[in-house]
Amino acid sequence: MRTVSTRLVSSRLAAAALGAALGASASGAATAEILRKGAWPDVEPKVSVEVSNEPRNEALKRVAQAAGWSLVLNVPPGDAVDLHVQDQPADRVLELLLADGSYVATRDGDLIAIAPAPEKPAAGSPPAPSPAASPDDAEDEDAEEARPSSRGRDRFVTGGSLRIEKGEVVNDVSVIGGSLDVWGTVTGDIDVMGGSTHIHEGARVRGDVSTVGGPLTVADGASIDGDVDVVGGPLRRGERARIRGDVNNDANPMGGDGSSAKGASTLARKAGNAVTRTAFLFAFGAVMLALWPRRMEALKVEIAARPMRSFALGAVGVLGAVAVAAALCVTLIGIPFAVIGLLLAVVAVVAGGCAVLETAGAGLFGHRTRNPYAHLAIGCLGLLIVSGIPYVGGALCAAVALIGAGALVATRLAGLLRPRPREGAGGPYRTAP
């Protein structure tokens, strides 16, 4: 059994509890208990509270403040208590403070209302007459019975929208190709792709929120305990919306809350990734120049002579490679060949892109130096600078890849594939005159 390091010392409260216990044992009434209603999480935050000789209601308020609750009390103030708690679950401390009687604790999110439990009729006495139940009361009872557990169940929707109603509790939520509206409580994470997400007022998400290809709106009064990641869409956040974790929004580099520190961190991370990719591209191109200088020269000549033809051949070649890979993936035997072929195609396209960058560097600074490594470095530096421009950078990177792929097609993989000799063109089958 886990040891609870909680010390509640009060002679008056102990005497009252002892008297209540003796009276209950003499009359046969039920023992004191706390009846929980609403959605209570499996794990409550741990609190540390120090209270000396204060009324019980004040101690309850201190515990609620430490746990982040909003408390509504309809119980007697109680006798003075001494409370010394270190890292204990808040709900357990709450139960110990209410150990002098039977109470009902009703919870709605972070709002908890505590009131005395209704008295139960004595054993053997006839039950009190109750008024006829209305249809609305029956619906409320059915809703109470159908209320999900404190953790909730997972929800997964594809090609449609999902709405979490107020008072509803679910666990992990995943929506693909649709919108999501949250009015209730999500105890897990939210993942939405290809649709809008709206966390309405009063809703709470205990986990992380990740959206791709759609806007995220966090209204005033909504709460997200975890991190927020928004890719390919804006983040709209109310002034009174609460997000406890980190916020990452590609559409707003300043961060979801307008923090300049987060914006600077995001920009620095993107710049570091771009420099790393450029350094890898230069290193790969330098290896290709050192091992196969003649083949790289053949690619360079083709690119300089017919750049538009290389671009067109690259587009056709990429489409053909995708079609061949899709055809191979139809059978299980063809899948390994498709994977290996795509990996080799990626390596070849990167090599062609390095040839394009070397050609561009030679065109810019060929009159100053004839060193191919210097030309490659200049081309990589120019790509790094231009790739930071929105839209233009992505289009330029795609053009470099397609021109390099087209040059590989035009030169038959830089001479790796030799054409077959034609008859009557001076080959081994030429007829003597």
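Residues numbered from 1 in each chain as written. Predicted model: local features only at pLDDT ≥ 70, side-chain atom pairs only at ≥ 80, totals over all residues. Heavy atoms only, no water.

J.: Just checking my understanding: could you explain the environment of Arg240 for this structure?
T.: The residue Arg240 is located in the loop between strand 20 (235-237) and strand 21 (242-243) in this model. Taking the C-alpha atoms as reference points, Arg240 and Ala219, separated by 21 residues in sequence, lie 7.7 Å from one another. Among residues more than four places away in sequence, those in contact with Arg240 are Asp220, Gly221 and Ala222. (Helix = DSSP H or I, 4+ residues; strand = E, 2+ residues; numbered from the N terminus. Contact = heavy atoms within 4.5 Å.)

J.: Sorry, what's going on with the side chain of Asn57 here?
T.: Turning to its location among the elements, Asn57 is positioned in helix 2 (residues 56-67). Taking relative accessible area as the criterion, Asn57 reaches 13% and is therefore assigned buried. Ignoring anything within four residues of it in the chain, the contact list for Asn57 reads Leu73, Val75, Pro76 and Pro77. (Buried < 20%, exposed > 50% of the residue type's maximum accessible area, 1.4 Å probe, protein only.)

J.: Just checking my understanding: could you explain the sheet that holds strand 11 (residues 180-182) for this structure?
T.: Taken together, 5 strands build an open sheet; the order of strands is 9-11-14-17-20 and the sheet is parallel. The sheet is open, and its two edges are formed by strand 9 (162-164) and strand 20, each paired on a single side. Strand after strand, the sheet turns through a mean of 5° between neighbouring axes, direction not considered. Pairing geometry for strand 11 and strand 14 (residues 197-199), over 3 bridges, is parallel. Bridge assignment links Asp181 to a residue of strand 14, and that residue is His198. (Pairing = 2+ DSSP bridges. Axes fitted to C-alpha atoms, helices over the stretch in contact; angles between N-to-C directions.)

J.: Sorry, what's going on with unusual backbone geometry here?
T.: Peptide bonds are trans in most cases, and residues, glycine excluded, mostly fall at negative phi. Of note, the phi angle at Asn53 is positive, near 55°, even though the residue is not glycine. In this model, Asp87 sits at a positive phi of 55°, which is unusual for a non-glycine residue. Here Asp87 lies in strand 5 (residues 80-89).

J.: When you look at a negative patch on the surface in this model, what are you seeing that I'm missing?
T.: A contiguous patch of negative charge on the surface is contributed by Asp154, Asp172, Asp189, Asp191 and Asp208. Take Asp154: it is sitting in strand 8 (residues 153-158). (Patch = residues over 30% accessible without salt bridge, like charges linked within 9 Å, V, L, I, M, F, W, Y side chains within 5 Å. Areas by Shrake-Rupley, 256 points an atom, 1.4 Å probe, with all protein chains shown as cover. Salt bridge = Lys/Arg side-chain N within 4 Å of Asp/Glu carboxyl O. Lys, Arg positive; Asp, Glu negative; His and termini not counted. Charge placed at Lys NZ, Arg CZ, Asp CG, Glu CD.)

J.: Would you mind showing me how to read the packing of helix 6 (residues 293-305) against helix 7 (residues 307-328) here?
T.: For any two helices packed against each other, one specifies the crossing angle of their axes together with the interaxial distance. Across the interface, helix 6 lies against helix 7 with an axial gap of 5 Å and an inter-helix angle of 105°. The angle between the axes of helix 6 and helix 7 places the two elements in the roughly perpendicular class. Across the interface between the two elements, Glu302, Ile303, Ala304 and Ala305 from helix 6 touch Pro307, Arg309 and Ser310 from helix 7. Considering only residue class, the contact of helix 6 with helix 7 consists of 4 nonpolar, 1 polar and 2 charged. (Parallel < 35°, antiparallel > 145°, perpendicular 65-115°, else oblique. Nonpolar A, V, L, I, M, F, W, Y, C, P; charged D, E, K, R; others polar.)

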